[in-house]
Amino acid sequence: MIFKRIPVGLYAANCYIIGCENTKEGIIVDPGADAKTILAEINALGLDIKYIVLTHGHGDHIGALEDVHNELDVPILIHGEDEYMLKNSSENFTGVMNNKKVEMTPHKTLKDGDIIEFGNMKAEVIHTPGHTKGGICLSIEDILLTGDTLFAGSIGRTDFPGGSFEEIIKSIKTKLLKFDDNIRVYPGHGPHSTIGAERVSNPFIN
C-alpha cells in the first residue's frame, strides 16, 4: 500500500493519499486545504487518482476540493446525508473557515457497506454518524481512516448542527471497536493510534 498523510490548512486536517503499489491507482481522502501541496505529492508518488472521498462535509476537510477536482477531474464521493453540506457553503462553513466558499455536487453519494475500488485495493465505507449525520470511516486493509469520529485519545465534536454525542459514541462502540486491536487508526486531525490503544485508554469510550 502507498500511504501518505498530509496535515493541511489552519486546522491541520489530515489529507490522506492512498494507492495500490501494483497499479498505481489511488484515492484522495479529505483535501482540506493546500491544493498545490496535495497535487505535488500525488505527482511525486506517480499515482493515477480515481476518486476524491470525503469523510464528511465540514470546511476544514473540503477547502481544496474545487481546486483539486479541477486539476484531476475525478468523481467526488460523500455520504448521502452530508450531500446538503457540500452543496451549501453556509452549511459546510467554508466561507468562515477558509475565506473561500465551496459549493459542489458530488458525483456519487455513499452508504454504509459500499466498496470503493482502486487498483487491487478496496475501501469499505462505514457510516459513523455523530460528528455529522453523514460522517464515514474507511476500512482499508489493516487501517481505519476515522475522519472526525475517533481521534487518538478523543472523539469528534458533537456541538455542530447534525451532531450527537449519543450517536458518535454508539458509532464508535458498535462499528469501530469491533475491529482487532492491531488495526491502525488514522483520524481527521492529529496523530495515529490503534483500536487497542483507544479501547483501553480513550476516556470517552471507557
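In every chain, residue numbers begin from 1 and rise along the written sequence. Whole-chain, interface and lining totals are the exception, using all residues; otherwise, since this is a predicted model, local features are given only for residues with pLDDT of at least 70 and side-chain atom pairs are given and counted only at 80 or more. Neither water nor hydrogens contribute to the side-chain values; these are computed over all heavy atoms in the structure.

Quick look at the sheet that holds strand β7 (residues 115–118)
Now for step 1: Pairing between two strands requires that DSSP report at least two bridges joining them. Per the convention used, a helix needs a DSSP run of H or I reaching at least four residues, while a strand needs a run of E reaching at least two, with both numbered from the N terminus. Pairing in this open sheet of six strands is mixed, and the strands run β7-β8-β9-β10-β13-β14 from one edge to the other. Of all strands in the sheet, those with a lone pairing partner are β7 and β14 (193–194), marking the two edges.
Now for step 2: Bridge analysis of strand β10 (residues 143–147) against strand β13 (residues 184–187) gives four bridges, and the strand direction is parallel. Within β13, the residue paired with Gly147 across the bridge is Pro187.

A word on the packing of aromatic side chains
Now for step 1: In summary, the pairing rule links any two rings of Phe, Tyr or Trp, Trp by its six-membered ring, whose centres are within 6.5 Å, and it sorts them by plane angle into stacked for under 30 degrees, edge-to-face for over 60 and tilted for everything else. Counting across every chain of the model gives four aromatic pairs.
Now for step 2: Ring geometry for Phe3 versus Tyr186: centroids 4.6 Å apart, planes at 55°, classification tilted. Here the residue Phe3 occupies a position in strand β1 (residues 2–8), and Tyr186 occupies one in strand β13, the gap between them amounting to 183 residues.
Now for step 3: On the numbers, 6.0 Å between centres and 80° between planes, the contact of Tyr16 with Tyr186 is edge-to-face. Taken together, the positions of Tyr16 in strand β2 (residues 13–19) and Tyr186 in strand β13 put the pair 170 residues apart, joining distant regions of the chain. Just as Tyr16 is buried, Tyr186 falls in that class too. Buried, partly exposed and exposed residues are distinguished by accessible area as a fraction of the type maximum, computed with a 1.4 Å probe on protein chains only: under 20%, between the cut-offs, and over 50%, respectively.

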